[in-house]
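Geometric and topological summary
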Amino acid sequence: MGPSLGVHELLHVFSFLEARDLLRAAQVDKVWNEVSGTKELWRQLCLRRWSSCKDSQVTRGTQTWKQYYLCRSELDFRVESGRPEKDFVCKALAGHKGEIAKLAYISPNEYCFDRREKSVVCTASSDGTVRAWNLHAGMEIWSSPLQPDALVNLVTYPQLQLVVTVDAQGLIKVWEAESGRESASFCLPTHSSALEASDHPEGPFLLAACADGTLYTLTVPGLQVLSRVSVFPNHPASLLCSPDCQWVFTLAQDSDLSPKVFHSHSLLCPLEDEPPVSTALPIGLTSKACWAPDEPARLVVVHRDDSGVQWVVTTYEPGAKKSRDAVSVLVQQIASFNLPDTMMPPHLMKGHGSQVVLLVSGSELVLFTIHGLRLAAFQDHQRPITSLCVDQSRVVTSSFDLSLRVYMWKKGNKFPVLKSCYHLLGGSHRWASGFTQVDSDSMSIVGVEARSAGTSILRSYYFQLRRDLGDCIG
């Protein structure tokens, strides 16, 4: 058949093949080898398997779409298999003399397979230091000088290679991720209840909520004040910035006050004697909220109904309406459903894609669509779940039972399917009281393991590529 088909005809036939078949076709002869390695064939395979794949990822990482497909296929295979020593290396990273208050990656979460890939995280601790760690090498990169007070929160800007911390008194500092050098500071009037990093198109900014209900918007990296707003007087607030960075959700902690949504442009460029553009959602007694990651601005909120008895999950989409003299916020409700009476109110909540929400109650993980269809429920932990990490490829939970549970997303007919895979175990129960936090990137998973002596260590699981990919292509 080969000699009777030209290059264009071969390309058309090969466009219907899967990766394994293309690799076999490459062994027929020189012409088939060249055609089967065509960029567009492998690009389409990548886009079909990983819809979030971008040209820029391949440009910065591997040289060809074929290499990207083969490497990422092997990585998915290893993350789903989870065989100790074969698929990942586990390392314990100690150094902090107190509890780790917050953990975040500073390395970009990209699928980059150029043999220079590495996973770097930063930690803020009650011992008054911020540190950076190389998970691949299993070593500390740098540690800051001892700070006057315990550090209580941390956010990162991977594209800028900046780390921001805040201490127990409200002192915010910016650190250069590569060197650990302090580059700016700003002191809030009271201690901070929340920090939120945002990469807005008009420039990166930092949101800092004070315990007295005041919201500060600061430039990054200079920490200059752009605006100061009293959101919930005398009530500390939680903050969530939308995926498109155009909206900021604020929630008064331990209060029945209605949550508010701010148009971020009005916080960045406030008008003199004019309050920022915002609106209050028509709900009270709000428990948790999250943004749908694949939508520019789709907000999912767990709250009590008007009677104060039933827990409800409601989805909103905010929008800005511009007139000649002003901008107003319009919030449209697009879905709502009641949680089952048998389900305890969730203490953790994350979104996936456009329509899936993950809720954690006690030791149970439950998946719903935003319209109330229950997709799955898992009870893989023996003790309460303490943290939940969700991305486009996997879900990882941490628990006081001293384990991390790994789940993988699979394509379904209408909605994604979550597959429960395996446990990652921590250290000895004699010394540790459980995992309190978990995070992950493309190459690694890392958890904060609390020790009985009031200290914490990092336990990392770094997935290794063998570059021998024949049995890893699905």
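Residues numbered from 1 in each chain as written. Predicted model: local features only at pLDDT ≥ 70, side-chain atom pairs only at ≥ 80, totals over all residues. Heavy atoms only, no water.

Per an unreviewed UniProt entry, the recorded name for the chain is F-box and WD repeat domain containing 12, and the organism is Myotis myotis.

All right, on to the sheet that holds strand S17 (residues 278-280) then. Pairing is antiparallel across the open sheet formed by four strands, whose spatial order is S14-S15-S16-S17. Taken across any chain shown, the strands that pair with only one partner, and hence form the sheet edges, are strand S14 (237-241) and S17. Geometrically, the sheet is characterised by an average inter-axis angle of 20° between neighbouring strands, direction not taken into account. (Pairing = 2+ DSSP bridges. Helix = DSSP H or I, 4+ residues; strand = E, 2+ residues; numbered from the N terminus. Axes fitted to C-alpha atoms, helices over the stretch in contact; angles between N-to-C directions.)

Attention now goes to the packing of helix H4 (residues 39-49) against helix H6 (residues 65-81). Look at H4 against H6: their axes get within 8 Å of each other, and the N-to-C directions meet at 30°. For H4 against H6, the interelement crossing comes out left-handed. Here Lys39, Trp42, Arg43, Leu45, Cys46 and Arg49 of H4 come into contact with H6, specifically with Trp65, Lys66, Tyr68, Tyr69, Leu70, Ser73 and Asp76. Partitioned by chemical class, the residues of the contact of H4 with H6 number seven nonpolar, one polar and five charged. (Left-handed = near helix turned anticlockwise from the far one by under 90°. Contact = heavy atoms within 4.5 Å. Nonpolar A, V, L, I, M, F, W, Y, C, P; charged D, E, K, R; others polar.)

The next thing to look at is the sheet that holds strand S25 (residues 374-378). In spatial order, the strands read S22-S23-S24-S25; together these four strands make up an open sheet with antiparallel pairing. At either end of the open sheet lies a strand with only one pairing partner, and these are strand S22 (348-352) and S25. Each strand axis lies, on average, 15° off the axis of its neighbour in the sheet, ignoring direction. Taken together, the five bridges between S22 and strand S23 (residues 356-361) define a ladder with antiparallel strand orientation. Opposite His352, over in S23, you have Val356 as the bridge partner.

Our next topic: the pattern of salt bridges. For the coordinates displayed, the defined rule picks out 15 salt bridges. Between Asp87 and Arg78 there is a salt bridge, and its shortest N-O distance comes to 2.6 Å. On the basis of relative accessibility, which here comes to 1%, the residue Arg78 falls in the buried class. (Salt bridge = Lys/Arg side-chain N within 4 Å of Asp/Glu carboxyl O. Buried < 20%, exposed > 50% of the residue type's maximum accessible area, 1.4 Å probe, protein only.)

A word on the side chain of Asp76. As for its placement among the helices and strands, Asp76 is situated in helix H6. Buried Asp76, no salt bridge; nearest opposite-charge side chain is Arg49, N-O distance 4.1 Å. A distance of 3.0 Å separates polar atoms of two side chains, one belonging to Asp76 and the other to Trp50. Apart from the residues lying within four places of it in its own chain, the contact partners of Asp76 are Arg49, Trp50 and Met408. (Lys, Arg positive; Asp, Glu negative; His and termini not counted. Polar contact = N/O pair within 3.5 Å; in protein donor to acceptor, adjacent residues only side chain to side chain.)

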